[in-house]
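Residue strings, one per chain:
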Amino acid sequence: MVKREVHKIIYRKQFAIVFMIFFVAAILDFLITCKNYYGVEISWIRSAYKCGILTNDIGLFTCQFFSTLFPLMVCVGVSDIFCTEDKMGITNFIYARTTPHKNITSKAIAVILVSFLMTFIPLIINFILTLTAFPLQGHYCSNASYLTLTSPDEGRIFGYLEMFYPYCNCIVYILIRCTVGTTLALFSFSLSLLKCFHKYAILFSGMIYYLCYSCIVGLPLFSNTPINTDIFAINSYGSGWMIFIFIVFTWMISFVMIMAGRKKETY
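Because the structure is predicted, anything quoted here is derived from the model rather than measured. (Residues numbered from 1 in each chain as written. Predicted model: local features only at pLDDT ≥ 70, side-chain atom pairs only at ≥ 80, totals over all residues. Heavy atoms only, no water.)

Draft legend 1. Spatial organisation of a nonpolar patch on the surface. Side chains of Trp241, Phe244, Ile245, Val248, Phe249 and Met252 sit close together on the surface and give an oily, nonpolar patch of about 660 Å² of accessible area. With respect to the element layout, phenylalanine 249 can be found in helix 11 (residues 240-266). (Patch = residues over 30% accessible without salt bridge, like charges linked within 9 Å, V, L, I, M, F, W, Y side chains within 5 Å. Areas by Shrake-Rupley, 256 points an atom, 1.4 Å probe, with all protein chains shown as cover. Salt bridge = Lys/Arg side-chain N within 4 Å of Asp/Glu carboxyl O. Helix = DSSP H or I, 4+ residues; strand = E, 2+ residues; numbered from the N terminus.)

Written as structure tokens, this is what we have:
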């Protein structure tokens, strides 16, 4: 059943549009970065790990699709699969062939898989392209002599990893971004099971949830504390535990809503 639900999602227009936007953004970011460094002496080109779409500090608009707009995009791509079928009136026909428990569980697993891959594929392609086009150890990099004169900033998330293993740091943040996207998509999907909200409210729920989190951790009460952590920033000041807590807490809420949705559909 999971395979069938995955096919349902990937053959929808919403998924195709969002995936294409992500893919084009990843390729376009790489091309614009190449253009900015075209004709520059090799000694002044930054290392590949500083030229990816997540770590690039040039300020390109393409990175907004994986940060500011990311919670909305990932939810629009996959989260309304149950809501759409319910509005079309085909849920009862599905229950004639399987149980609500299996149907909802299969859809939840499909949302997790597709949302993760929808984000991972463009990001890893962008990462591979930067590795092939830019020097592994370029200008302003953590070379051997530089590392002997400095130490990691303990206030930055994964500061040690960023300084000594920058490419592993990129991979870690790609996986974090994919996991956060999956978390928000699952939250939005779980909300649709309650049948209490309009379809567009469900699609915007991931963005609203993230904005609520940002407002809470951004309160003056939490300024200059590890709680004030931006989950979309790269190696920012804060605590990696806050990212972990955000993910686990959201999965717990989603699990409760899924259980409530199963019970509601059963009766």
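Draft legend 2. Representation of the pattern of salt bridges in the model. Taken as a whole, this structure holds six salt bridges when the rule is applied. Of the charged contacts, one joins glutamate 5 and lysine 8 as a salt bridge, the two residues approaching to 3.4 Å between their closest N and O atoms. Note that glutamate 5 and lysine 8 are positioned in helix 1 (residues 2-10) at a spacing of three residues, about one turn of the helix. The salt bridge involving lysine 199 is made with aspartate 80; its shortest N-O contact spans 3.5 Å. Of this pair, lysine 199 sits in helix 10 (residues 199-217) while aspartate 80 is found in the loop between helix 3 (70-78) and helix 4 (81-88), placing the two residues 119 residues apart along the sequence. We classify lysine 199 as partly exposed; its relative accessible area is 25%. A cluster of three or more residues bridged by salt bridges with shared partners is formed by Glu5, Lys8 and Lys107. (Buried < 20%, exposed > 50% of the residue type's maximum accessible area, 1.4 Å probe, protein only.)

Draft legend 3. Region of interest: the packing of aromatic side chains. A full pass over the atoms with the stated rule returns 18 aromatic pairs. Taken together, a centroid distance of 5.7 Å and an interplanar angle of 90° make the contact between tryptophan 241 and phenylalanine 244 edge-to-face. Linking tryptophan 241 with phenylalanine 244, this pair stays in helix 11, spanning three residues, or about one helical turn. The rings of Phe22, Phe66, Phe70, Tyr210 and Phe232 are connected pair by pair, giving a single aromatic cluster. (Phe/Tyr/Trp six-rings, centres within 6.5 Å; stacked < 30°, edge-to-face > 60°.)

Draft legend 4. Representation of the packing of helix 9 (residues 166-192) against helix 10. Relative to each other, helix 9 and helix 10 sit at 130°, their axes nearing to 8 Å. Considered as vectors, helix 9 and helix 10 are oriented oblique to each other. Remark: the crossing between helix 9 and helix 10 carries right-handed chirality. Packed against helix 9, whose contacting residues are Leu184, Phe187, Ser188, Leu191 and Ser192, the element helix 10 presents Ile202, Leu203, Ser205, Gly206 and Tyr209 at the interface. Of the residues belonging to the contact of helix 9 with helix 10, the class tally is six nonpolar, four polar and no charged. (Axes fitted to C-alpha atoms, helices over the stretch in contact; angles between N-to-C directions. Parallel < 35°, antiparallel > 145°, perpendicular 65-115°, else oblique. Left-handed = near helix turned anticlockwise from the far one by under 90°. Contact = heavy atoms within 4.5 Å. Nonpolar A, V, L, I, M, F, W, Y, C, P; charged D, E, K, R; others polar.)

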